[in-house]
Structure formats: C-alpha cells, structure tokens
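The chain contents come next:
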Amino acid sequence: MSLTSSQEDSFHGFSDDGQNMQSGFRKLAMAKEEQDDLKRCLARLERFAENPTPTSKEQVDARLKRLEQCWDQFQKISKEINRLDDMKNKRSNNEQFDDFDERVMVLTGKLKSMRCCAKQESATDSKKPSKETIKLPKIVLPEFLGKFDQWLQFRDMFEQMIHGKAGLLEKQRATCHLVTIEDSLDTLTHCMERFWSIEDVLEGDPYSQLEKDCEDHFAQNVCRDDEGRYVVKLPFNIGEKNLLGKSKENATKRFLQLERRFNRNPSLGHDYAAVIADYVKKSYLQKVEVNDDQQQCYYLPHHPVIKVSSSTTKIRPVFDGSLKTSNNVSLNDILLKGPVI
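Reading the values: rules and limits
Residues numbered from 1 in each chain as written. Predicted model: local features only at pLDDT ≥ 70, side-chain atom pairs only at ≥ 80, totals over all residues. Heavy atoms only, no water. Helix = DSSP H or I, 4+ residues; strand = E, 2+ residues; numbered from the N terminus. Buried < 20%, exposed > 50% of the residue type's maximum accessible area, 1.4 Å probe, protein only. Contact = heavy atoms within 4.5 Å. Areas by Shrake-Rupley, 256 points an atom, 1.4 Å probe, with all protein chains shown as cover. Core = buried A, V, L, I, M, F, W, Y, C linked by side-chain atoms within 4.5 Å. Axes fitted to C-alpha atoms, helices over the stretch in contact; angles between N-to-C directions. Parallel < 35°, antiparallel > 145°, perpendicular 65-115°, else oblique. Nonpolar A, V, L, I, M, F, W, Y, C, P; charged D, E, K, R; others polar. Phe/Tyr/Trp six-rings, centres within 6.5 Å; stacked < 30°, edge-to-face > 60°. Lys NZ or Arg CZ within 6 Å of the ring centre and 35° of its normal. Salt bridge = Lys/Arg side-chain N within 4 Å of Asp/Glu carboxyl O. Expected span 1.5 Å × (residues − 1).

Student: Which residues make up the overall build of the protein, and what values go with them?
Tutor: A tally of helices and strands in the protein yields 9 helices and 4 strands. Each helix and strand of the protein, placed in order from N terminus to C terminus, yields the pattern α-α-α-α-α-α-α-β-β-α-α-β-β. The buried share of the protein, reckoned over its 341 residues, is 23%. The long-range share in the protein, meaning contacts at least 24 apart out of those at least 6 apart in sequence, stands at 66%. Carbon and sulfur atoms form 54% of the exposed surface of the protein, whose accessible area is close to 25700 Å².

This is how it looks when you write it as structure tokens:
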C-alpha cells in the first residue's frame, strides 16, 4: 500500500504525538518516584525528632539543613507533577503538598526546640575513648626535677616522644607528669607561678563585630510599654535593608495553603482565627495600607503551632521570616545575629 504525501505527514505526526505522550508518562512516573523518596526522607527526620536520647547541636543542625533541602526539592518536584499530571489529579496533588508542608513546619519547630536543649559537641567529646581495653606502649621519659630552667627542654622532649610519635593511636596518647619537691615551698610556688604564666592561653574577644553591633542596637532601642512588655526594633544590618525583593507572591501561596488546611480542619481554622482576632484586639497586629510599587515591605507568612500540654495558649501563630523574596533574600538574611547567651 502506498501513502500520499499528506497521509505520510499525518502518520508521522501521530507517531510523534505517541512518543511525546510516552515520554510524558515516563517523566511523571520518575517525578512521583522522587516525590516518594522525599516523603521517606521526611519520615526518617521525623523519627529522629521523636528520639528521646540526647543529641548535639551539630546533629540537629545537620537534620535542619537536610530538612530544608528536602522541602526545596519537594516544592520543585510538585510543580513538575502538576505540570505533567491530569487536571483531575490536581486536588489530590495539592492535598499531598499541603500535608508535606504541614509536616515540615511541625518538624522544623521540633528540631529548633531540640537544638535549644542540645549541648555543643566539643572536640574532647567527639574523641572520647571507648570502653574497650587500650594497650599502652612503654615509654621511658627523662626525669624532671621541677627546675624552671629545665622545663622548656623537658616539655619539648615530652611532646616529641608522645604527641609527635607517629606510631601511636589517638587512644594511646596519654599525659603523665611526676613532680618531686626537693627545694623549699617558696621556690616551688615561684616555679608554679612562672609555669602557669607560660602555659596560660590568652582568650580573644568572644564576640564578632556583627554580634557587638546587634547587642548595641538592642541596648539603644529596647524599651517597655505601658503594660510592662519589652519592645525593640528589628536589628537591620547596615546597608542591607534595600536588598529585599518582592515577597507578596510567595506569601500569598503560603496563605492559600493555610486556607486549604483550614478547609480540611474547620475547628483549627476557627480557633486560629480567634487567636488572630485577639492579637488585633490587643494591638499586637494592625491593618496597614501598602503600595508595593512605592514602598519597601515584607509580607510575613504565619501558621499555627499546636501545643496540647499548654494550660493557657494551645494554639499560637508562628511567623516565618525565612521566606525568600524575588531576589532570593529573606527578612532573616538582612537582620543582625546576636551572640549566643
């Protein structure tokens, strides 16, 4: 059977459409598989947050960073799925997105709470010897009689024989000093004073310049209102306030996600609206008129955090200053960071 030119074009067009459809199905399947992997990653992070055993700040910081990466990847892959999937599945996809978003916000709060309670892991903590038996080699050290003029020579020799010995493991390195008193107590006291003056490590300024600027800003701007509450201005980093881009579009998306969440849980929406109304009544919040084209502003997203154990406020708003603007700069990015206290 022979085909005319127009029939051949029609046949090839049908073939190309079929190939494009198959390619779209493959991309959609791969995107959903990647989405499932991100859900499993989130579940692992949730299990970590439920672990009652003590953790270090370094461990919690690593999980917070991984959570942020996981959330960024999930947002990108969800957009791709909505683009490739049928319109009839859009509602289901949005519900999955909202559920993931809610779990991320709750988990972020838990991890930040864990970080406040966690201890800073020190170098000595990370290198603590295990309870296993350690065999120490026999090393004969020269005798040191406590005379100051011999101390530096003895110390250098000790460093070379113990800490400078390449064959020793970290677990095998030990420090031992034998002091014998042959002179008077006054002589010994004088030697010890000189010893500590040599070995003393001078501490530098613990605060950076930015931390000092933040502390100065707080001291200059903090005050108390008529009801005794502390009030302080935001500590903007000098020269960076104009770096903020547009934030209304991203904040509106977060707001619509919150609305969908309240539609699924009307009682939560009712309770949260009551808290917001109370904030307005107490003048914590007030309505403002803003012209985005003429004024620089930042739309601050918020969401409810539920604490069942609280006897006063079981639901409270949490405001998210880490939302990126159109130029990938957030409010938190341009604020001074104060020192750890």
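Student: Can you lay out the nonpolar core for me, pointing to particular residues and giving the numbers?
Tutor: The nonpolar side chains of a soluble globular protein tend to be buried with one another. Core analysis: the biggest nonpolar cluster contains 22 residues, and Leu67, Phe100, Leu107 and Leu111 have the highest contact counts within it. Elements supplying a minimum of two residues to this core: helix H1 (5–49), helix H2 (57–84) and helix H3 (90–117). If we ignore the near neighbours within four places in the chain, the residues touching phenylalanine 100 are Leu38, Lys39, Leu42, Cys70, Trp71 and Phe74. In terms of nonpolar packing, the next biggest core, distinct from the first, is built from 8 residues, Leu244, Tyr298, Leu323 and Leu335 among them.

Student: Could you give me a rundown of the packing of helix H8 (residues 248–264) against helix H9 (residues 266–281), with the residues and numbers involved?
Tutor: As a packed pair, H8 and H9 sit with axes 5 Å apart at the nearest point and diverge in direction by 120 degrees. Relative to H9, H8 is oriented oblique. Contact residues: Leu258, Arg261, Phe262, Asn263 and Arg264 in H8; Pro266, Leu268, Gly269 and Tyr272 in H9. The class makeup of the residues in the contact of H8 with H9 is 5 nonpolar, 2 polar and 2 charged.

Student: Please set out the packing of aromatic side chains residue by residue, giving values where relevant.
Tutor: One pass over the structure, following the stated rule, counts 6 aromatic pairs. Ring centres of tryptophan 71 and phenylalanine 100 lie 6.1 Å apart, and the angle between their planes is 15 degrees; this geometry places the pair in the stacked category. One end of the pair, tryptophan 71, is in helix H2; the other, phenylalanine 100, is in helix H3, and 29 residues separate them in sequence. Taking the relative accessible area as the measure of exposure, tryptophan 71 reaches 12% and is therefore buried. One residue, arginine 224, lies across the ring of tyrosine 230, its end atom 4.5 Å from the ring centre.

Student: Quick rundown of the pattern of salt bridges? Include the residues and the values.
Tutor: Per the stated rule, a full pass over the model turns up 15 salt bridges. Here lysine 110 ties to glutamate 50 by a salt bridge, and the two come within 2.6 Å at their closest N and O atoms. Here the residue lysine 110 occupies a position in helix H3, and glutamate 50 occupies one in the loop between H1 and H2, the gap between them amounting to 60 residues. Judged by its relative accessible area of 36%, lysine 110 is partly exposed. Take glutamate 50: its relative accessible area is 53%, and that puts it in the exposed class.

Student: Requested: an account of H2, with residues and values cited.
Tutor: Along its 28 residues, H2 runs 41 Å from first to last C-alpha, staying within 8% of the 40 Å computed at 1.5 Å per residue. Within H2, the full set of buried residues consists of Lys57, Val60, Leu64, Leu67, Cys70, Trp71, Phe74, Ile77, Ser78 and Ile81.

Student: Let's hear about unusual backbone geometry: which residues, and what values?
Tutor: In this model, serine 283 sits at a positive phi of 65 degrees, which is unusual for a non-glycine residue. Checked against the element boundaries, serine 283 lands in the loop between H9 and strand S3 (302–306). With relative accessibility at 61%, the residue serine 283 sits in the exposed group.

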